[in-house]
Amino acid sequence: MGPVIELIAGSYEQIAFGYRVSTGEVEWTATADFTHHAHTASVSAVATSERYIATGSRDETIQIYDMKKRVEHGALLHHDGTISCLEFYGSSHLLSGGQDGLLCVWSTRNWECLKSIRAHKGQVTSLSVHPSGKLALTVGTDKTLRTWNLIDGRSAFIKNIKQNAVIVKWSPEGDKYVVVIGDKVDVYDLETATLTSTIINPKRISSIKFLTNSILAIAGDDETVRLCDINTQKVLCEFEAHETRVKSVDSFTVDDFCVLVTASNDGFIKMWKLNLESLEPPVLLGKVNTTARLTCLAVWKPTTLQEPPPEVKTEPTTSHDVKDVLELEKKRKKRVRISTVEVVQEEDASPKKKKDELIRLLIVACGTLSHSSSMAV
């Protein structure tokens, strides 16, 4: 029995799609496994953990789907505005950012909101958790990059980047992080907290994914995906992935090769086989047409095999039958947990004090990278 892999995609049609991947020697197939229509507006973010899938929407809710029991688990109601970003830390915590400027930390044990932080004066556009679980980065429409101490929920460092960044992401080893502003990727070194390089993309960037600690996949407002070296700023490989702009990219590894997954406005999700050593042009393993306008993408690949779902012929729901699904959803009952917690306001502190605090946190984070398994909150 091969690895369990599912491709999860959100859409403008308010639906999250799940496709089970079947690996073959030559061609891979992705068959419809489920459609999750719990939102009443377009899906804006999706994240996966060992057991759960979380989707965020313009309807101000986070919907949780239990992949072990294959049921809707409920909704998280705390944000006031669009959910702009979601990220799981391991299997213990979910972090969310929204249009209301809040950064929320949720426990996956009981889905309680453990921390609610007033992260930005405007929208939180992106977040990323350090591999140690001690730090988080956020960027927002107030043109700042903020480093958060997740131990006490306070701001450790604030950098004025003078522009609205759309993506921030730690490298897999946690020694670097990148910030996307328009068509450029700024690369920062963690130890010195300085800008080390900048990569310019021909078009506005919509999604990035670290394939290794130095190779970054970049997609934007065109049909091409580019693999760049963040140390040399060189384009190592580029290929035309779709007929229209690429909305989102993700990846996973199987055996000794990397699989890059791309989703586009054209409705297709494609899987590409990459050799990260030779960096030859990728080979298309398989594709599936969702017939929807896709907005976001994530790969669900649990480390432990799950029981295979019953074989039921399922066709993806599209915009043509959204009304029928909405009527069914009205009849369903979902367990809803509403958490009301105090927002932790950022305290004033001198720049030197904040810098000293950041250095202390970095030492702790780097020292616990190899053996930290849960976030301290």
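All values reported here derive from a predicted model rather than from experimental measurement.

Quick notes on the rules
- Residues numbered from 1 in each chain as written.
- Predicted model: local features only at pLDDT ≥ 70, side-chain atom pairs only at ≥ 80, totals over all residues.
- Heavy atoms only, no water.
- pLDDT = per-residue confidence, 0-100.
- Contact = heavy atoms within 4.5 Å.
- Buried < 20%, exposed > 50% of the residue type's maximum accessible area, 1.4 Å probe, protein only.
- Helix = DSSP H or I, 4+ residues; strand = E, 2+ residues; numbered from the N terminus.
- Pairing = 2+ DSSP bridges.
- Disulfide = S-S within 2.5 Å.
- Core = buried A, V, L, I, M, F, W, Y, C linked by side-chain atoms within 4.5 Å.
- Salt bridge = Lys/Arg side-chain N within 4 Å of Asp/Glu carboxyl O.

### Some thoughts on the confidence of the model for the protein chain
Keep in mind that low pLDDT regions are not for reading the predicted coordinates in detail. Of the residues in the protein chain, 80% have a pLDDT of 70 or more, and the chain-wide mean is 85. Within the model, pLDDT remains below 50 along residues 368-374, and this stretch shows 13 contacts once partners closer than five positions in the same chain are excluded.

### Concerning the pairing of strand E28 (residues 294-300)
Within E28, 7 of the 7 residues are buried, which leaves the element mostly enclosed by the surrounding structure. As paired strands, strand E1 (residues 6-11) and E28 are joined by 6 bridges and run antiparallel to one another. In the strand pairing of E28, Ser-11 is matched with Leu-294.

### Digging into the state of the cysteines
According to the stated counting rule, one finds 0 disulfides in the structure shown. Note on Cys-228: no disulfide assigned, nearest cysteine sulfur contributed by Cys-237 at a separation of 9.9 Å.

### Overview of the nonpolar core
Of all hydrophobic cores here, the largest spans 23 residues; its most connected members are Leu-7, Trp-28, Phe-252, Val-259, Val-261, Ile-269 and Met-271. Here this core gets 4 residues from one element, more than from any other, and that element is strand E25 (residues 257-264). Residues within four places of Val-259 in sequence aside, it is in contact with Trp-28, Asp-250, Ser-251, Phe-252, Met-271, Trp-272 and Leu-285.

### Regarding the pairing of strand E26 (residues 268-274)
The side chains of a regular strand alternate, first on one face of the sheet and then on the other. Counting buried residues along E26, 5 of its 7 residues qualify, which places the element largely inside the surrounding structure. Where E25 and E26 come together, 6 bridges link them in antiparallel fashion. Its bridge partner lying in E26, Thr-262 is registered against Lys-270. Between the end of E25 and the start of E26, which pair antiparallel, lie 3 residues, with Gly-267 showing a positive phi angle near 90 degrees. Pairing geometry for E26 and strand E27 (residues 283-289), over 6 bridges, is antiparallel.

### Remarks on the pattern of salt bridges
Enumeration over the complete set of coordinates arrives at 13 salt bridges. With its nearest N and O atoms 3.3 Å apart, the salt bridge here joins Glu-13 to Arg-293. Placement of the pair is Glu-13 in the loop between E1 and strand E2 (16-22) and Arg-293 in the loop between E27 and E28, with a sequence separation of 280 residues. Its relative accessible area of 47% is what places Arg-293 among the partly exposed residues. Its salt-bridge partner being Asp-186, residue Lys-184 comes within 3.9 Å of it at the nearest N-O pair. Each of Glu-6, Arg-20, Asp-33 and Arg-70 takes part in salt bridges that share partners, so that together they form one network.

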